[in-house]
Amino acid sequence: MTTRAQLTQERSRLRREELLTAAISLFAEGGARAVTHRAVARRAGLPPATTTYYFASIDELLRDALREHITRWRSTLAALAGLETPPETVDLDSVAPTFEAVFAARGPEAVAVELSIYLASTHDPALREEAGEALRDLEGLIALWLSILGLTDTSRAAPTVLTLIVGTAMRRQARLYTEAEEAAQLDWAIRGLVAAELAGPEEVAQIVSEKLNP
């Protein structure tokens, strides 16, 4: 049987989550300046004084909102990393279609929010380490998929692919290319990287030397 104290505790938890969700929503629309006590309470559909009951300051509210978002993102990455994908279902031919599907599901606007949340987190000393760990989680997921593609050593390739993905995310904001073109360019870059890693540094050096110094 649920006690009155448990009901009160659950209601308090839900209200806090509503405030955090509202804060992230406002941050996505207008940055940190848009996150005020009154605006957050209004967006959450709660009385104006609710935010000050749960949070000592607007800085604490925004920090906890960003931290909650990072935590959820890391949980998603952990779930993806835990998927057991048979090697035969993953190959380089699936890279471009996969990115096209991801781009279709998460447009430039959604990516812009993720970028702004990450940058805001790195600027806050209290969140910088967690933001860095989230990026390391993504790098770990990339390393997992590269290993499925056949790379035995992903120490160089995984950080490079991460850089390619982040760079693509930034370029998508300018709409310089169509989403299909962005996916194709990312596909081309990853194919080249994987090919170079599979060939090995000596063979790559020889090819570069022969092509540049015929």
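Everything below is about the structure shown above.
Quick notes on the rules
Residues numbered from 1 in each chain as written. Predicted model: local features only at pLDDT ≥ 70, side-chain atom pairs only at ≥ 80, totals over all residues. Heavy atoms only, no water. Helix = DSSP H or I, 4+ residues; strand = E, 2+ residues; numbered from the N terminus. Rg over C-alpha atoms; globule rule 2.2 N^0.38 Å. Buried < 20%, exposed > 50% of the residue type's maximum accessible area, 1.4 Å probe, protein only. Contact = heavy atoms within 4.5 Å. Areas by Shrake-Rupley, 256 points an atom, 1.4 Å probe, with all protein chains shown as cover. Salt bridge = Lys/Arg side-chain N within 4 Å of Asp/Glu carboxyl O.

Enquirer: Let's hear about the overall build of the chain: which residues, and what values?
Expert: Across its full length, the chain carries ten helices and zero strands. Put simply, the chain runs from its N terminus to its C terminus through helices and strands in the order α-α-α-α-α-α-α-α-α-α. Whereas a compact globule of 214 residues would reach a radius of gyration of roughly 17 Å, the chain reaches 22 Å, over 25% beyond that. Expressed along its principal axes, the backbone C-alpha trace of the chain runs to roughly 75 × 45 × 30 Å. The buried share among the 214 residues of the chain stands at 29%. Within the chain, residue pairs in contact and separated by at least 24 positions form 65% of the contacts whose partners lie at least 6 positions apart. For the chain, the computed accessible surface area is about 13200 Å², with 58% contributed by carbon and sulfur atoms.

Enquirer: Give a description of unusual backbone geometry that names residues and reports values.
Expert: We note that R175 has phi near 55 degrees; this positive angle belongs to a residue other than glycine. You can call R175 partly exposed: its relative accessible area is 45%.

Enquirer: Now, about the pattern of salt bridges: what can you tell me, with residues and values included?
Expert: Inspection of every chain in the model, using the stated rule, returns 15 salt bridges. In this structure, R67 engages E130 in a salt bridge whose closest nitrogen and oxygen atoms are separated by 2.9 Å. Here the residue R67 occupies a position in helix α4 (residues 58-81), and E130 occupies one in helix α7 (residues 125-149), the gap between them amounting to 63 residues. Since its relative accessible area comes to 25%, R67 is described here as partly exposed. Relative accessible area serves as the criterion here: at 23%, E130 is assigned to the partly exposed category. Salt-bridge contacts for E179 lead to R172; the nearest nitrogen and oxygen are separated by 2.6 Å. A relative accessible area of 28% places E179 in the partly exposed class. A network of salt bridges, in which partner residues are shared, links R16, D64, R67 and E130.

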